[in-house]
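# Summary of the model geometry
Here's the letter readout for the chains.
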Amino acid sequence: MTADERRHHTRIRLRRKVGIVLSTGQVAHLWSHDVSVGGLRVLSESPADPGDEFDIFFGMLDPAVDAYVRLDVRVRIVHVIYDGTAGRYRIGMRFLGFSGDGEAIYQRGIDHLLRTQVHLHAG
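Predicted, not measured: the structure shown is a model, and the values here were computed from it. (Residues numbered from 1 in each chain as written. Predicted model: local features only at pLDDT ≥ 70, side-chain atom pairs only at ≥ 80, totals over all residues. Heavy atoms only, no water.)

## Brief notes about the overall build of the protein
The test is simple: Secondary structure elements are taken from DSSP: a helix is a run of H or I of four residues or more, a strand is a run of E of two residues or more, and numbering for both begins at the N terminus. The rule is simple: take the accessible area with a 1.4 Å probe, protein chains only, and divide by the maximum for that residue type; under 20% is buried, over 50% is exposed, in between is partly exposed. Contacts between residues were defined by any pair of non-hydrogen atoms, one from each residue, lying within 4.5 Å. All accessible-area figures derive from a Shrake-Rupley calculation using a 1.4 Å probe, and residue coverage is judged against the displayed protein chains alone.
Scanning the protein for helices and strands turns up two helices and seven strands. Listed by position from the N terminus, the elements making up the protein come as α-β-β-β-β-β-β-β-α. With 123 residues in all, the protein has 36% of them scored as buried. Expressed as a percentage of contacts within the protein between residues at least 6 apart in sequence, the contacts between residues at least 24 apart total 55%. Summing over all exposed atoms, the protein offers an accessible surface of approximately 7100 Å²; the carbon and sulfur share of this is 50%.

Written as structure tokens, this is what we have:
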């Protein structure tokens, strides 16, 4: 899948607490802004550097078991945009890899959200 194809995926507004494991081993907690098949955006008071990679974790509803499951994911920062209205940076993260069966759980969760929630258009 090309970067252009990823940009055309529907974004779904989803507020979830996201833990980001920093290089020091400490965990910073941010809030997601939206998610898509290929990644997510978080809101942050501090910028990040495009190209940097992090391990993150967040909860996602797995409709197969009707429970929230922690997903551990490796991500790459793909864009950073300052949102003056929100007074925060919107940081776009592309998924590089999920631990365990996280990718299947995430896909089931996204499919469920697409069926049940109002979503944003690509962009």
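## Topic: the environment of Leu40
With respect to the secondary-structure elements, Leu40 resides in strand S4 (residues 39-44). A relative accessible area of 3% means that Leu40 is categorised as buried. The spatial distance from the C-alpha of Leu40 to the C-alpha of Gly92 is 6.0 Å, given a sequence separation of 52 residues. Discounting residues that sit within four places of it in the chain, Leu40 has contacts with Asp34, Val35, Ile56, Phe58, Ile91, Gly92, Met93 and Phe95.

## Concerning unusual backbone geometry
If you check the backbone angles, Asp66 has positive phi at about 55° while not being a glycine. Within the fold, Asp66 resides in the loop between strand S5 (53-62) and strand S6 (67-83). According to the relative accessible area criterion, Asp66 is exposed, its value standing at 65%.

## Some words on the pattern of salt bridges
For clarity, the cut-off: Salt bridge, as used here: a side-chain nitrogen of Lys or Arg that lies within 4 Å of a carboxyl oxygen of Asp or Glu.
All chains considered together, the criterion is met by eight salt bridges. Between Glu45 and Arg88 there is a salt bridge, and its shortest N-O distance comes to 3.5 Å. Remark: Arg88 occurs in strand S7 (residues 88-98) and Glu45 occurs in the loop between S4 and S5; sequence separation between them is 43 residues. The class for Arg88 is partly exposed, based on a relative accessible area of 31%. The salt bridge involving Asp55 is made with Arg74; its shortest N-O contact spans 3.3 Å. Note that Asp55 is positioned in strand S5 and Arg74 in strand S6, a separation of 19 residues in sequence. Shared partners join several salt bridges into a network, and the residues in it are Glu53, Asp55, Arg74 and Arg76.

## Quick notes on the nonpolar core
Our working rule: What makes a nonpolar core is a set of buried Ala, Val, Leu, Ile, Met, Phe, Trp, Tyr and Cys residues whose side-chain atoms join them at distances within 4.5 Å.
Counting residues in each nonpolar core, the largest one holds 24 residues, and the members touching the most others are Ile56, Phe58, Met93 and Tyr106. Those elements giving two or more residues to this core turn out to be strand S2 (17-21), strand S3 (27-36), S4, S5, S6, S7 and helix H2 (102-116). Here Ile56 is in contact with Val18, Gly19, Ile20, Leu40, Leu71, Asp72, Val73, Val75 and Met93, once residues within four sequence places are set aside.

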